[in-house]
Amino acid sequence: NLMMSFDVSPWCHIYSATENIPVCQTPVMQSTAEQAKALRWVNEYVHTTPQRVVLPTDELYGPTPYDVNFCFPYLPAALDAGSIRLTPFIPRLHAEAFFRHTAEHPEDFKYMRFPVLNTLEEFLSWYELAFRRNPANMAYAINVVDQDGEHFGGIISLTSCDPERLTAEISMGIGFRSFRGNSGSTIATALLLRYCLSSATDSPPGLGLRKVGWTAH
């Protein structure tokens, strides 16, 4: 049995006769008791927190040669500003230094969705599953270039990339303490914007995306 309550809105609210909880909503002009019964629905979604998984040792660093498995092409000229250069995050080159930063400065991740993991193996497993095996996500090493050479100075990423809709989001940017104060994060973000929004005919050429979002913390 169903009861129907009406208000000034163009929606009717259908309630169970035995429990005073909404069953569904449907526009008033299309509502009848019979239609309401036919439209009965539920939402049984329950949020679950992914369990931390440690992959077998031979899967931790990905395949050889390393396949970044990203849905967009890498365009190095668009990701190079001379003093700051973005290159793909390669676990064998960058994971240990980045994990060391997470262990020493967990406060940097207080407001981020990035999980601060207990071991390097947990981090490698998380990165392999969340990034390398997901072609919509890509992490970049922020390389600081100075007179002494090129130094790994942090990480920044693109997530939720969609080659069909031509969209992407910039997220999770972390600069190491020893390289802060040189505008590296600002330049890295600007490089990702140039890479994403420049057209294929620009110099340097870019991906020509329609929209780039920004996910802050």
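Right, let's walk through the structure included here. Within each chain, residues carry numbers counting from 1 in the order of the written sequence. Reporting in this predicted model follows two pLDDT cut-offs: at least 70 for local features of residues, and 80 or more for side-chain atom pairs to be given and counted; totals over whole chains, interfaces and linings ignore these cut-offs and use all residues. In computing side-chain properties, one takes all heavy atoms of the structure into account and sets aside hydrogens as well as water.

Observations concerning the overall build of the protein
Move 1: Looking only at helices and strands, the protein has 4 helices and 8 strands in total.
Move 2: For the protein, the N- to C-terminal ordering of α and β elements is β-β-β-α-β-α-α-β-β-β-α-β.
Move 3: Exposure is judged per residue with a 1.4 Å probe applied to protein chains only, and the accessible area is read against the type maximum: over 50% gives exposed, under 20% gives buried, and values in between give partly exposed. For the protein, the proportion of its 217 residues judged to be buried stands at 38%.
Move 4: Put simply, of all contacts in the protein between residues at least 6 apart along the chain, 54% involve residues at least 24 apart.
Move 5: Of the roughly 13100 Å² that the protein leaves accessible, carbon and sulfur atoms contribute 54%. Going along the chain from the N terminus, every DSSP run of H or I of four or more residues is numbered as a helix, and every run of E of two or more is numbered as a strand. In this analysis, two residues are considered to be in contact whenever any of their non-hydrogen atoms come within 4.5 Å of each other. For every accessible area listed, the method is Shrake-Rupley and the probe measures 1.4 Å; residues are considered covered only by the protein chains on display.

Some points on the environment of M172
Move 1: Mapped onto the secondary structure, M172 falls in strand β7 (residues 167-175).
Move 2: As a C-alpha pair, M172 and F114 span 58 residues in sequence and 7.7 Å in three-dimensional space.

With respect to the side chain of T189
Move 1: Among the secondary structure elements, T189 is positioned in helix α4 (residues 184-197).
Move 2: Here T189 is in contact with I156, I170 and W214, once residues within four sequence places are set aside.

As for the pairing of strand β4 (residues 84-88)
Move 1: Among the 5 residues of β4, 4 are classified as buried, and the element is accordingly described as predominantly covered.
Move 2: By the bridge criterion, 5 bridges tie β4 to strand β5 (residues 138-146) in an arrangement that is antiparallel. Each residue of the ladder has a partner; that of P88, found in β5, is Y140. Paired strands, as defined in this entry, are two strands with at least two bridges between them according to DSSP.

Some points on unusual backbone geometry
Move 1: Along the chain, T64 connects to P65 via a cis peptide bond; the corresponding omega equals 0 degrees.
Move 2: The topology assignment puts P65 in the loop between α1 (33-38) and β4.
Move 3: For the bond from S203 to P204, the omega torsion is 0 degrees, close enough to zero to count as cis.
Move 4: With respect to the element layout, P204 can be found in the loop between α4 and β8 (211-214).
Move 5: We note that N69 has phi near 55 degrees; this positive angle belongs to a residue other than glycine.
Move 6: With respect to the helices, strands and loops of the structure, N69 is situated in the loop between α1 and β4.
Move 7: Residue N69 is classed as partly exposed on the basis of its relative accessible area, which comes to 29%.
Move 8: Positive phi, normally seen in glycine, also occurs at S160, with a value near 55 degrees.
Move 9: With respect to the helices, strands and loops of the structure, S160 is situated in strand β6 (residues 149-162).

Structural notes on the pairing of β8
Note on strand geometry: in a regular strand, side chains alternate between the two faces of the sheet.
Move 1: Direction of pairing for β7 relative to β8: parallel, over a ladder of 4 bridges. For E169, the partnering residue across the bridge sits in β8 and is G213.
Move 2: Crossover handedness is defined by viewing with both strands directed away from the observer: a clockwise path from the first strand over the helix to the second marks the crossover as right-handed. Read from β7 through α4 to β8, the crossover connection turns out right-handed.

A few points about the state of the cysteines
Move 1: Any two cysteine sulfur atoms within 2.5 Å of one another count as a disulfide. Counting across every chain of the model gives 0 disulfides.
Move 2: C71 carries a free sulfur, and the closest cysteine sulfur to it, the one in C161, is 5.0 Å from it.
Move 3: According to the relative accessible area criterion, C71 is partly exposed, its value standing at 28%.
Move 4: Distance from the sulfur of C196, which forms no disulfide, to the nearest cysteine sulfur (C161) is 6.6 Å.
Move 5: Since its relative accessible area comes to 0%, C196 is described here as buried.

Some thoughts on helix α2 (residues 91-104)
Move 1: To estimate the expected span of a helix, subtract one from its residue number and multiply by 1.5 Å. Its 14 residues give α2 an end-to-end C-alpha distance of 19 Å, which sits within 8% of 20 Å, the value for a rise of 1.5 Å per residue.
Move 2: Burial in α2 covers these residues: P91, H94, A95, F98, F99, H101 and T102. Projection of α2 onto a plane perpendicular to its axis shows the buried side chains occupying an angular sector of 155 degrees, all on one side. Turned more than 90 degrees off the buried face of α2, the exposed positions are R92, L93, E96, A103 and E104.
Move 3: On its buried face, α2 is in contact with β4, α3 (120-132), β5, β6 and β7. The directions considered for the arc run from the helix axis to the C-beta atoms.

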